[in-house]
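A structural walkthrough
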Amino acid sequence: MDINSILNGNFDIKEKETQIYQLGQKLATERRTNELQELLRSIRPFFATIPKARTAKIIRTLIDIIAKLPDTLQLQVELCKESISWAKEEKRNFLRQRIEARLAALYFQTKEYATAISLISQLSREMKRLDDKNLLVEIHLTESKVQHALRNIPKAKAALTSARTAANAIYCPPALQGEIDMQAGTLHAEEHDYKTSFSYFFESLESYASLDDPNASLALKYMLLCKIMLNTPQDVDALINSKIKYAGPSIESMRAIANAAKNRSLKQFEDALKTYKQDLTDDPLIHSHLSDLNDNLLEQNLSRIIEPFSCVEISRVAQLIGLNVDTVEKKLSMMILDKKLNGVLDQGTGSLIIFEEQETSKTYVATLDTIQYMSKVVDTLFEKSRFLS
């Protein structure tokens, strides 16, 4: 059935809406993107006969259908811009605001952060005047994601707080609540508060699981990351086995990382990164925190290798750990500066000289404390003597 048959047919509004969705789904399945664009244009006369809220729902649903197709981000942006222009001409502000909120989210996905922030600022001012809590939640949540992508964590947290405040005043659908919890977990992870982060990712998993949403698998993946970063990689297997229905390459990638962390093996860690590149390196959050884990593993391996020596050539350490000399030398110098290693690098001989840890005598500390107490006693006696005289 084509769009003209649907619009001119003897159907009620609800039936026409359902058939429009079915046609859109059929065109999306067959990847007929041009006809999908034409569908959005063709149904505009129909919008004059239905409530504005239902119009917004139909347009956003059709854009959601297109969003399920791979490599259609630019097409979605064009469709949103076209629909916004039409909404402005028809003076449909309710519709325009909702499509602009969607467009801001698309700008975030296409990494046009400056454009997204500009659009969000304009929308926020409008929504605060209208007190539209539902749309405010979406706008602030998108703002938080954009600010996080720009590495402005304080602003990302402020935007998320605004989103949660607005969400508390309305009924928040499970999908949106899951998204809020996911963002909260992400921001806590950025501050290395992995325990709190794990709790938020768990709440997000529960929300998505109730809808059979594929994002549940992503929430579980981040939960596993938190376990690894909390130095409890032994808990990963039990957690995966309890959520076996989400098994897949992304979850197996975290199991491989957990095994590497458990064995403190740098080689296993690098092998896992190569094997599961798409699931690990291409995920910004995972990649960021695995860089920290890589540094920790490197430090642990270096500490284990140099422990028996008082003086060792850097080239020998590099040979034992299986890395190039420059990388090892740079890491050793950082460990010395961070006071994680008591020693010096001898550039002339290309060696590391390690000093024995010297215990600080407690006598010095006790003496300083005694002097301070004596000073206080003398000051007190002096004050009392003033009253006597």
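This write-up is about the structure you can find in this document.

Cut-offs used in this document
- Residues numbered from 1 in each chain as written.
- Predicted model: local features only at pLDDT ≥ 70, side-chain atom pairs only at ≥ 80, totals over all residues.
- Heavy atoms only, no water.
- Core = buried A, V, L, I, M, F, W, Y, C linked by side-chain atoms within 4.5 Å.
- Buried < 20%, exposed > 50% of the residue type's maximum accessible area, 1.4 Å probe, protein only.
- Pairing = 2+ DSSP bridges.
- Helix = DSSP H or I, 4+ residues; strand = E, 2+ residues; numbered from the N terminus.
- 1 Å grid on protein atoms, 1.4 Å probe; cavity = no way out; pocket = protein on both sides within 12 Å on 5 of 7 lines; lining within 4 Å.
- Points joined across faces, edges and corners; volume = space filled by probe spheres on them.
- Nonpolar A, V, L, I, M, F, W, Y, C, P; charged D, E, K, R; others polar.
- Axes fitted to C-alpha atoms, helices over the stretch in contact; angles between N-to-C directions.
- Parallel < 35°, antiparallel > 145°, perpendicular 65-115°, else oblique.
- Left-handed = near helix turned anticlockwise from the far one by under 90°.
- Contact = heavy atoms within 4.5 Å.

1. A short note on the nonpolar core
Core analysis: the biggest nonpolar cluster contains 57 residues, and Phe47, Ile58, Leu62 and Ile180 have the highest contact counts within it. In terms of nonpolar packing, the next biggest core, distinct from the first, is built from 52 residues, Met182, Val236, Met254 and Ala272 among them.

2. Describing the pairing of strand 2 (residues 343-346)
Regular strands place side chains that alternate from one sheet face to the opposite one. With 4 bridges joining them, strand 2 and strand 3 (residues 351-354) adopt antiparallel strand pairing. Its bridge partner lying in strand 3, glycine 343 is registered against isoleucine 354. Between strand 2 and strand 3, which pair antiparallel one after the other, the connecting turn spans 4 residues, and glycine 350 there sits at a positive phi close to 65°.

3. Quick word on the layout of surface pockets
If a probe as big as a water molecule is rolled over the atoms, it shows which places are left empty. The calculated volume of the largest pocket comes to roughly 2,000 Å³. Around the largest pocket, the lining comprises 45 residues; the ones closest to its centre are Phe108, Gln109, Lys145, Glu179 and Asn215. At the level of secondary structure, the elements contributing two or more residues to the lining of the largest pocket comprise helix 5 (52-67), helix 6 (73-89), helix 7 (93-109), helix 9 (133-149), helix 11 (174-190), helix 13 (215-229), helix 17 (277-280) and helix 18 (284-306). In the lining of the largest pocket, the residues fall into 19 nonpolar, 10 polar and 16 charged.

4. Let's talk about the packing of helix 5 against helix 6
With their axes 10 Å apart at the nearest point, helix 5 and helix 6 run at an angle of 165° to one another. Relative to helix 6, the element helix 5 is oriented roughly antiparallel. Of the two elements, helix 5 crosses helix 6, and the hand of that crossing is right-handed. Of helix 6, the residues touching helix 5 (which contributes Ile59, Ile63, Ile66 and Ala67) are Leu75, Gln76, Leu79, Cys80 and Ser83. Per-class residue counts for the contact of helix 5 with helix 6 are 7 nonpolar, 2 polar and no charged.

5. Here we look at the packing of helix 15 (residues 249-263) against helix 16 (residues 266-275)
Relative orientation of the contacting elements helix 15 and helix 16 amounts to 170°, with a least axis distance of 8 Å. Taken together, the axes of helix 15 and helix 16 are roughly antiparallel relative to one another. The residues of helix 16 that touch helix 15, namely those facing Ala256, Ile257, Asn259, Ala260 and Asn263, are Gln268, Phe269 and Ala272. Within the contact of helix 15 with helix 16, the residues separate by chemical class into 5 nonpolar, 3 polar and no charged.

6. What to know about unusual backbone geometry
Positive phi values are uncommon outside glycine, yet lysine 91 reaches one of about 55°. Relative to the elements of secondary structure, lysine 91 occurs in the loop between helix 6 and helix 7.

7. With respect to empty space enclosed by the protein
Per the stated rule, a full pass over the model turns up 1 cavity of 30 Å³ or more. Estimated volume of the largest cavity: approximately 30 Å³. Around the largest cavity sit Leu40, Arg44, Phe47, Ile59, Ser83 and Trp86, which together line it. Only helix 4 (44-47) and helix 6 provide two or more residues apiece to the lining of the largest cavity. Looking at side-chain class alone, the lining of the largest cavity contains 4 nonpolar, 1 polar and 1 charged residues.

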